[in-house]
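Single-letter residue listing:
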Amino acid sequence: MSSAGSQALDHLPPQDGAGLEDAIFDALATAVVMLDPEWRVISLNPAGQTMLEASIERSRGIPFERLIDLDESWRSLLMQVQSEHFATVKREMPMMLHSGAQYCVDLIISPLPPTTKPRLLLELNPVDRLNAISEDAHLRDAQASMRKVIKGLAHEVKNPLGGIRGAAQLLARELDDSKLTEYTDVIMEEADRLRTLVDRMLGPRERLATRPMNIHEVLERVRQLTEAESDGAIEVERDYDPSLPEFEADPDQLTQVILNITRNAGQAMSGQGTITLRSRARRQYTLAGKRHKLVCSVDIIDTGPGVPEALLDQLFLPMVTSGTKGNGLGLSIAQMIANRHGGLIQCDSEPGNTCFTLLLPMET
Ligand SMILES: Nc1ncnc2c1ncn2[C@@H]1O[C@H](COP(=O)(O)OP(=O)(O)OP(=O)(O)O)[C@@H](O)[C@H]1O
Ligand SMILES: [Mg+2]
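Criteria and cut-off values
- Throughout, a residue's number is its position along its own chain's written sequence, starting from 1.
- Chain letters and ligand numbers both follow the written order, the letters beginning at A and the numbers at 1.
- Reporting of local features is limited, given that this is a predicted model, to residues whose pLDDT is at least 70; pairs of side-chain atoms are given and counted only at 80 or more, and all residues count toward the totals for whole chains, interfaces and linings.
- A run of H or I in DSSP becomes a helix once it reaches four residues, and a run of E becomes a strand once it reaches two; helices and strands are each numbered from the N terminus.
- Expected span, for any helix, means 1.5 Å times one less than how many residues it has.
- Exposure is read from a count of other C-beta atoms within 10 Å of each residue's own; the residue is exposed at 12 or fewer, buried at 20 or more and partly exposed in between. C-beta atoms are placed from the backbone.
- Whether two strands pair depends on DSSP finding at least two bridges between them.
- Orientation is described by axes fitted as lines to C-alpha atoms, over the contacting stretch for helices, and by angles from 0 to 180 degrees between their N-to-C directions.
- Contact between residues is assigned whenever the C-beta positions, reconstructed from backbone atoms, fall within 7 Å.

K.L.:
Sorry, what's going on with helix H9 (residues 251-268) here?
P.N.:
Two residues of an α-helix separated by three or four positions point the same way, owing to the 3.6 residues in each turn. In this model, H9 (18 residues) spans 26 Å end to end at C-alpha, consistent with the 26 Å of a helix rising 1.5 Å per residue. The complete set of buried residues in H9 reads Gln253, Leu254, Val257, Ile258, Asn260, Ile261, Thr262, Asn264, Ala265, Gly266 and Ala268. Of the residues trailing H9, Ser270 is marked for its positive phi of about 50 degrees.

Dropping the structure here:
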């Protein structure tokens with residue numbers, strides 16, 4: 001006799017039940033892998049495919065050790081679950097892919113029938129990723145309050161500045177002596193410089209002019225500009241995923257974002273070297289507290305000396321700079337534009353390998 005709960009489900013045609021399970025499996029943010037008794041891959045959900053950098057088509061039936069470095073600690077855990085028939089939980093387990101990518105995961109391994117030598121269900125929760133989500137929220141809060149301060153300050157500065165410039169202009173008209181008008185010129189030039197600075201601090205004013213676009217159209221524009229500006233001293237290497245679909249975004253503002261980052265990269269490499277632009281799709285990814293089915297990621301990689309340690313925490317705040325010429329605004333503007341698109345920019349830097357990653361939701 002079936003229970004009330006199962007009676008409620010009984011009226012569903014069987015394919016709906018299976019479809020629902022598949023949908024749940026596909027929508028899970030946790031990477032899930034199912035292994036047969038010989039540790040070959042039976043199934044891998046989309047989050048698992050992203051994490052393990054392998055499609056289900058390519059990995060079905062292959063030994064799990066072809067996807068990750070299955071060292072002694074992994075093997076003994078898998079064997080333990082298969083021999084004891086009990087699920088096991090291992091916190092902060094190191095995991096290395098053959099591509100060299102390293103993770104620290106909270107791992108749950110559960111046995112599935114048959115009972116003699118069970119299949120295994122692995123749930124992999126990257127610990128670093130969870131930290132990244134909270135850092136991301138922290139960063140957005142810091143930037144939102146900084147923006148409020150800048151808005152207020154800009155208003156206070158711009159009004160008197162207009163007055164100073166106007167007065168200098170009137171004074172210049174009254175002066176015959178060219179030596180004296182040199183001084184009024186300095187006042188006007190400096191007032192203009194300050195006004196431009198304040199406008200830059202406020203960031204791009206216009207609303208986003210979005211249209212369906214392909215990210216590679218933006219990357220190609222940046223590549224051409226970068227190579228032209230450096231007279232060929234900077235080479236831009238392309239590593240694109242051509243299967244990325246179009247999505248709604250503002251191509252001009254995104255060009256500004258990537259240019260701000262590549263210009264920094266060029267400056268860090270003293271004007272010559274190679275910058276790599278890499279595009280990829282990430283599935284089931286959380287950005288600004290919202291889960292997205294598909295996210296476009298763009299890595300901008302340089303081989304310069306790396307971001308100075310002291311700047312790393314505040315890199316995306318305005319006026320943070322190590323240069324004498326820069327205003328420390330490029331990255332804060334870039335981050336502002338990324339946020340307006342519902343995305344964000346992250347940085348991972350060590351000497352010889354600096355990677356800025358732009359992540360953008362692709363709602364289609
Ligand atoms: N690829 C990079 N490698 C090393 N350091 C970097 C890199 N990108 C940014 N930085 C550091 O971050 C600082 C802030 O960058 P940001 O673009 O915001 O300002 P800026 O380049 O100094 O000035 P502006 O962009 O306003 O001209 C830079 O001064 C530099 O020290
Ligand atoms: Mg800059």
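K.L.:
Looking at this model, I keep getting lost on the pairing of strand E4 (residues 102-112). Mind explaining?
P.N.:
As a general feature of sheets, a regular strand has side chains that alternate between the two faces. Direction of pairing for strand E3 (residues 88-96) relative to E4: antiparallel, over a ladder of 7 bridges. Residue Met93 lies in a different strand from E4, and its bridge partner there is Val105. Here E3 folds back onto E4, and the loop between the two strands holds 5 residues, one of which, Gly100, carries a positive phi near 105 degrees. As defined by bridge partners, E4 adjoins strand E5 (residues 119-126) across 8 bridges and the pair is classed as antiparallel. Its bridge partner lying in E5, Asp106 is registered against Asn125. Counting the residues in the hairpin turn of E4 and E5 gives 6 residues.

K.L.:
Please clarify how the sheet that holds strand E7 (residues 234-239) should be interpreted in this entry.
P.N.:
Within a beta sheet, neighbouring strands are joined by backbone hydrogen bonds and run either parallel or antiparallel to one another. Spatially, 5 strands are ordered E7-E9-E10-E12-E11 in an open sheet, and the strand pairing comes out mixed. Among the strands making up the open sheet, the edge pair consists of E7 and strand E11 (344-350). Strand-to-strand twist in this sheet, taken as the mean axis angle between neighbours without regard to direction, amounts to 25 degrees. Direction of pairing for E11 relative to strand E12 (residues 353-361): antiparallel, over a ladder of 7 bridges. Residue pairing for E12: Cys347 is matched across the bridge by Phe356. Packing of H9 onto the sheet brings it into contact with E7, strand E9 (273-287), strand E10 (290-302) and E12, and relative to E10 it is tilted by some 30 degrees. Along the sheet, helix H10 (residues 330-340) contacts E11 and E12; its crossing angle with E11, the most-contacted strand, is approximately 135 degrees.

K.L.:
Please explain the environment of Tyr240 as it appears in this structure.
P.N.:
Topologically, Tyr240 is positioned in the loop between E7 and strand E8 (247-249). If we skip the residues at most four places from it in the chain, Tyr240 touches His216 and Ser279.

K.L.:
Is there a simple way to think about unusual backbone geometry in this case?
P.N.:
Among all residues except glycine, the phi angle is most often negative; among peptide bonds, the trans geometry is most common. Note the cis peptide between Pro113 and Pro114, where omega equals 5 degrees. Along the chain, Pro114 falls in the loop between E4 and E5. Phi angles above zero are rare outside glycine, and Met319 is one such case at about 70 degrees. Assignment of secondary structure puts Met319 in the loop between E10 and H10. By C-beta crowding, Met319 is classed as partly exposed, having 14 other C-beta atoms within 10 Å.

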